[in-house]
Amino acid sequence: MQKLTIKGKKKLSGTISISGSKNASLPILASTILFKKVNLKNIPMVKDVFTMIELLRFIGLKVSINSKNNSLKISNSNIKINPIAPYKLVKTMRAGVLVLGPLLSKFKKAKVSLPGGCAIGTRPVDLHLFALKKLGAKIKIKEGYIYATATDGLKGEKIKFPKISVGATENAIIAATHATGETVLLNCAIEPEIKDLIDFLKKSGCDIKCNGRKITINSKKKFKNSKHTIMFDRIEAGTYLIASALIGKKMTLTNLKPKIISNEIKTLKKMGVKIKVQKNKIVISESSNIKNQVLRTSPYPGFPTDLQAQMMVLMTKANGVSKIQENIFENRFMHVPELKRMGAKIEIKNNIAIINGPSKLSGAEVMATDLRASVSLVLAGLVAENRTTINRIYHLDRGYENLEKKFVKCKANIKRI
Ligand code: EPZ
């Protein structure tokens, strides 16, 4: 099993180019099941994307990867479609459940493995099934699989989500593009990745209108071949922003749209981080005294749960008591015991982490548990005294493209062994 070793306290200086968004790529890739020919650019070459490509090939699509320029060519001749998403592929990449909507609405049947839980929680899919049933799907669960059929195809419907869910919103939008009639979705998630998915679907000929958390989809008969460039990864950008706040001398992040992460930038500025925003880049200079902060995670445009672990590391450097309340997932503090072993002073009370700062972190051997927890351990290793070794870094490789290369380019002492 590969590890990362980091020699801490090396100030970072340089430029980091932000990759394409994993969480925009996955739903867009799933939706290519619906169309004949698709060209995608700015795809991050990360494990979850390769798993989704493996799943699309298993289903019967032709996918050619050009890893030199991060682009994909996808074609679907609809000849031998195998509308199945097997457990072996879905268990490591729960976004595999996103093929359920397109398979059902185009091929009228699907057999998709339940994703199973993961480190941050049980990760149910009841809201996905709720929406698809409303569109007319017959669903039964047997031996860990979702068996879904829609013999007369899906029918447009008015659906109000009882709870905001990114994946369920995505599955419903994709399915509704091939349902007959009009579908109105209410109380939708409106993450930028969903907007990117909608931009892609509209380029492919779908009729979709957004109005706040209400999304209206009208079915069409004809669709088009399309080209799309995936948006930047705002969570990767937030991660490098926090790394620069922690131990940056002069850092520049490029290939991003600062407006999309304006709330995160505002929060960091309030904490005393020196950030200069330009058109499509951000410059962060050395920030000495970081102020404590109280934060709570919530659906976009609130503070993203995917930056909670990273922000917690910055809070260990802040003067005074900080708090961060995790409202999205029931078990997303797996990084806390590892950070405490490095000297962080953190207590957990229900879904609130209380961080006493500033605390001196020292290097240790630690273990990654999920994608964002692992990157918080990398951030801690960068600021800690001595050496930190991180085990199980396959979690990291699921969602960060060339992480150590990007850090080494900015003078960090970080090696994969
Ligand atoms: C997406 O997961 C992201 N993954 C997650 O990023 C992100 O943390 C999450 O949205 C929230 O922003 C991808 O886009 C591939 P949800 P998703 O449905 O769709 C509960 C990362 O690190 N829920 O918005 O699974 C669920 O358990 C990953 O890149 C139900 O109860 O998130 C959670 O508590 C981690 N029933 C809450 O809703 C359902 O049917 C929000 O989940 C679905 C979800």
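Residues numbered from 1 in each chain as written. Predicted model: local features only at pLDDT ≥ 70, side-chain atom pairs only at ≥ 80, totals over all residues. Heavy atoms only, no water.

### Considering the domain arrangement of the protein chain
Many structure descriptions define interface size as the accessible area lost when the parts assemble.
Right, so step 1: As far as domains go, the protein chain holds domain 1 (4–18 + 232–416) and domain 2 (22–229).
Right, so step 2: In this structure, domain 1 and domain 2 have C-alpha centres spaced 31 Å apart.
Right, so step 3: The interface of domain 1 with domain 2 comprises 22 residues on the first partner and 22 residues on the second.
Right, so step 4: Both sides of the domain 1 and domain 2 interface together cover about 1700 Å² of buried area, and 51% of this is carbon and sulfur.
Right, so step 5: For the pair domain 1 and domain 2, the interface holds two salt bridges.
Right, so step 6: Here Asp-48 ties to Arg-398 by a salt bridge, and the two come within 2.8 Å at their closest N and O atoms.
Right, so step 7: Here domain 1 is connected to domain 2 by eight residue pairs in polar contact (both at pLDDT 80 or more).
Right, so step 8: Here the side of domain 1 that touches domain 2 is composed, by residue class, of nine nonpolar, three polar and 10 charged. (Domains from an automatic or database assignment. Contact = heavy atoms within 4.5 Å. Buried area = accessible area lost by both parts, 1.4 Å probe. Salt bridge = Lys/Arg side-chain N within 4 Å of Asp/Glu carboxyl O. Polar contact = N/O pair within 3.5 Å; in protein donor to acceptor, adjacent residues only side chain to side chain. Nonpolar A, V, L, I, M, F, W, Y, C, P; charged D, E, K, R; others polar.)

### Topic: the pairing of strand β4 (residues 62–66)
Right, so step 1: When β4 meets strand β5 (residues 71–75), the two strands line up antiparallel, connected through five bridges. Looking at β5, one finds that Ser-64 is bridged to Lys-73.
Right, so step 2: Between β4 and β5, which pair antiparallel and follow one another directly, the connecting turn spans four residues, one of which, Asn-70, has a positive phi of 50°. (Pairing = 2+ DSSP bridges. Helix = DSSP H or I, 4+ residues; strand = E, 2+ residues; numbered from the N terminus.)

### Points about a positive patch on the surface
Right, so step 1: Side chains of Lys-7, Lys-10, Arg-387, Lys-411 and Lys-415 sit close together on the surface and give a patch of like positive charge.
Right, so step 2: Mapping Lys-411 onto the fold places it in the loop between α14 (403–408) and β24 (413–416). (Patch = residues over 30% accessible without salt bridge, like charges linked within 9 Å, V, L, I, M, F, W, Y side chains within 5 Å. Areas by Shrake-Rupley, 256 points an atom, 1.4 Å probe, with all protein chains shown as cover. Lys, Arg positive; Asp, Glu negative; His and termini not counted. Charge placed at Lys NZ, Arg CZ, Asp CG, Glu CD.)

### Some remarks on the sheet that holds strand β10 (residues 158–160)
For sheets, the rule is that strands pair by backbone hydrogen bonds, running either parallel or antiparallel.
Right, so step 1: Across the sheet, which stays open at both edges, the four strands sit in the order β10-β11-β13-β12 with mixed pairing between neighbours. Looking along the sheet, the strands with just one partner apiece sit at the ends: β10 and β12 (207–211). Pairs of neighbouring strands in the sheet enclose a mean axial angle of 15°, with direction left out of account.
Right, so step 2: In this sheet, strand β13 (residues 214–218) lies alongside β12 in antiparallel orientation, the contact comprising five bridges. Bridge assignment links Cys-210 to a residue of β13, and that residue is Ile-215. (Axes fitted to C-alpha atoms, helices over the stretch in contact; angles between N-to-C directions.)

### Looking at helix α7 (residues 192–203)
Right, so step 1: Given a rise of 1.5 Å per residue, 12 residues ought to cover 16 Å, and the 17 Å separating the end C-alpha atoms of α7 matches this to within 8%.
Right, so step 2: The set of residues buried in α7 consists of Pro-192, Glu-193, Ile-194, Asp-196, Leu-197, Ile-198, Phe-200 and Leu-201.
Right, so step 3: Looking one or two residues beyond α7, the residue adopting positive phi is Gly-205, at roughly 100°. (Expected span 1.5 Å × (residues − 1). Buried < 20%, exposed > 50% of the residue type's maximum accessible area, 1.4 Å probe, protein only.)

### Side note on the layout of surface pockets
Right, so step 1: In this structure, the second largest pocket encloses a volume near 290 Å³.
Right, so step 2: By residue number, the principal contributor to the lining of the second largest pocket is helix α8 (residues 234–247), which donates four residues.
Right, so step 3: Along the lines of polarity and charge, the residues of the lining of the second largest pocket split into six nonpolar, six polar and four charged. (1 Å grid on protein atoms, 1.4 Å probe; cavity = no way out; pocket = protein on both sides within 12 Å on 5 of 7 lines; lining within 4 Å. Points joined across faces, edges and corners; volume = space filled by probe spheres on them.)

### Re the environment of Lys-317
Right, so step 1: Within the fold, Lys-317 resides in the loop between α10 (308–315) and β19 (320–325).
Right, so step 2: Between the C-alpha atom of Lys-317 and that of Asn-356, which follows or precedes it by 39 residues, the distance is 8.8 Å.
Right, so step 3: Beyond its immediate chain neighbours, meaning those up to four positions away, Lys-317 contacts Leu-246, Ile-290, Pro-358, Ser-359, Lys-360, Leu-361 and Val-383.
Right, so step 4: Reaching out from Lys-317, the side chain makes a polar contact with the backbone oxygen of Ser-359 at a distance of 3.2 Å.

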